[in-house]
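Structure assessment
Chain residues, written in single-letter form:
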Amino acid sequence: MATTPIRATHEIHTRRLSRNLGLGIVLVLFVGLVYGLTIAKVGTDPRDDLGADWAAGQERAAK
Amino acid sequence: MSDSTFTTDQDREAGFGDYFALLKPRVMSLVVFTAFVGMLVAPAPINPFVGLVAILFIAIGGGASGALNMWWDADIDAKMKRTLKRPTVTGKVTPDEAKVLGFALSGLSVIMLFLATNWVAAALLAFTIFFYVVIYTMWLKRWTPQNIVIGGAAGAFPPMIGWAAATGDVTLASVLMFALTFAWTPPHFWALALFVKNDYANADVPMLTVTHGRRVTRNHILGYTIVLAAVAIGLGLTSIGGPAYMAVAVAMNAWFIKGAVDIWRRDDADSEADNHLTERKFFKFSLLYLFLHFGMLLVEHTLMRFGLGGW
């Protein structure tokens, strides 16, 4: 009876790897994005110490 | 488990790209472009990073509605050649997985857009997803030949959402940007339907060319093209328009109306004789039409920054 040799890496593994790797990258990007968004929002909010300077700068530029 | 079952299961293992395909990346590119223009021409500055995040989640919201569309329409997608390669049809992703991904990304995109910008933009995005999935996909698509007109509305919301993300409001200019894509969709799509043999009939999806005939479709193309021209010119008269936009809009709409009149004057015998040349030209031009109108809004906006554009 002919048998099919077992290969260490089947195409199915490549697909699983792409799925896992893709999801991993998406999650890391999402964390970075939320972090960046926090900095951007706080940094441009005039009610916040960090953003007060920015708001003053914007006002000067507008004048 | 038999060998054949094993092989089938292996074939159905999805890769990352299969899940990405659920989001209809080609449709997303139009969403990104028009939302970007809507945001940039709005009369309120937005932090570039916040703007980038907003565009990303508007695109993801659009993609989520694509995934929900594939969940609901998996049965008819399997009957049409154009949609045979969709992951829900090939079995790489089950319709239930598409549903879960669609709902999860819908919620995520709306919440993230709200956190990044404001509730008006988030509410508009939520309404867009609801409109595309419930009103279009579940209700009207299989019921009326005007489905493409209604479906076009969902694709027309992104510039309005982009505008709202920057300003937090809805104004005449943003509504007219919506109306531009809304009125553009029917002539664009029906011109394609006149020269491409589609198999919507096999899937029991009513298309105007089948339900009312090609003569009526030609009439509709002309009607919507005239409405479209009025919208395009009207948009040029708002605060985001100007001489540069208007010059291009007048030239393009004159050309577009001429194309629609040519299509209207022809019958199927003329059309078959030259292999639908006029219809093909009209369709190709329609792609450039939308791109240039939104592109010129950007040009006008850039000119205004140098004190040159605008009225």
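Note on numbering: residues in each chain are counted from 1, in written sequence order. Throughout, the order in which chains and ligands are written sets their labels, letters from A for the former and numbers from 1 for the latter. Under the rules for a predicted model, residues below a pLDDT of 70 receive no local features and side-chain atom pairs below 80 are neither given nor counted, while totals for whole chains, interfaces and linings still include all residues. As a rule here, side-chain values come from all non-hydrogen atoms in the structure, and water together with hydrogens is ignored.

1. Some points on the domain arrangement of chain B
Residue and element names in this part refer to chain B. Under the convention used in this document: Domain delimitation in this document rests on an assignment produced automatically or drawn from a domain database. Working rule for contacts: check all heavy atoms of both residues, and any pair within 4.5 Å makes them a contact. Buried area: the accessible area, evaluated with a 1.4 Å probe, that two parts lose upon being put together, summed over both parts. Criterion for a salt bridge: a side-chain nitrogen of Lys or Arg within 4 Å of a carboxyl oxygen of Asp or Glu. As used in this structure description, the phrase polar contact means that two N or O atoms lie within 3.5 Å; if the pair is within protein, one of them must be able to donate a hydrogen and the other to accept it, and residues adjacent in sequence are counted only when both atoms belong to side chains. What counts as a helix is a DSSP run of H or I of at least four residues, what counts as a strand is a run of E of at least two, and both are numbered from the N terminus. Three classes are used, and their members are as follows: Ala, Val, Leu, Ile, Met, Phe, Trp, Tyr, Cys and Pro are nonpolar, Asp, Glu, Lys and Arg are charged, and the others, Gly among them, are polar.
Looking at the assigned domains, one finds that chain B contains domain 1 (9-168) and domain 2 (171-311). Contact with domain 1, which involves 30 residues of that partner, is made by 33 residues of domain 2. Each partner contributes to the roughly 2700 Å² buried at the junction of domain 1 and domain 2, and carbon and sulfur atoms together form 77% of this total. Looking only at domain 1, the three residues that lose the most surface to domain 2 are Pro-145, Ile-148 and Trp-163, adding up to 22% of its buried area. Joining domain 1 to domain 2, the criterion identifies zero salt bridges. Linking domain 1 to domain 2 there are three residue pairs in polar contact (both at pLDDT 80 or more). Elements that contribute at least two residues to the side of domain 1 that touches domain 2 include exactly α3 (25-41), α9 (147-156) and α10 (158-167). Broken down by element, the residue count for the side of domain 1 that touches domain 2 peaks at eight residues, all from α3. Its residues placed into classes, the side of domain 1 that touches domain 2 shows 18 nonpolar, seven polar and five charged.

2. Description of the environment of Ala-42 of chain B
Residue and element names in this part refer to chain B. Here is the rule we go by: Between buried and exposed lies partly exposed: a residue is buried under 20% and exposed over 50% of the maximum accessible area for its type, with that area taken using a 1.4 Å probe on protein chains only.
With respect to the secondary-structure elements, Ala-42 resides in the loop between α3 and α4 (48-72). The exposure class assigned to Ala-42 is buried, which follows from its relative accessible area of 6%. Sequence-distant contacts of Ala-42, defined by excluding residues within four places in its chain, comprise Trp-163, Ala-166 and Thr-167.

3. Digging into unusual backbone geometry
One non-glycine residue, Lys-24 of chain B, lies in the positive phi region at around 50°. Residue Lys-24 of chain B is classed as buried on the basis of its relative accessible area, which comes to 13%.

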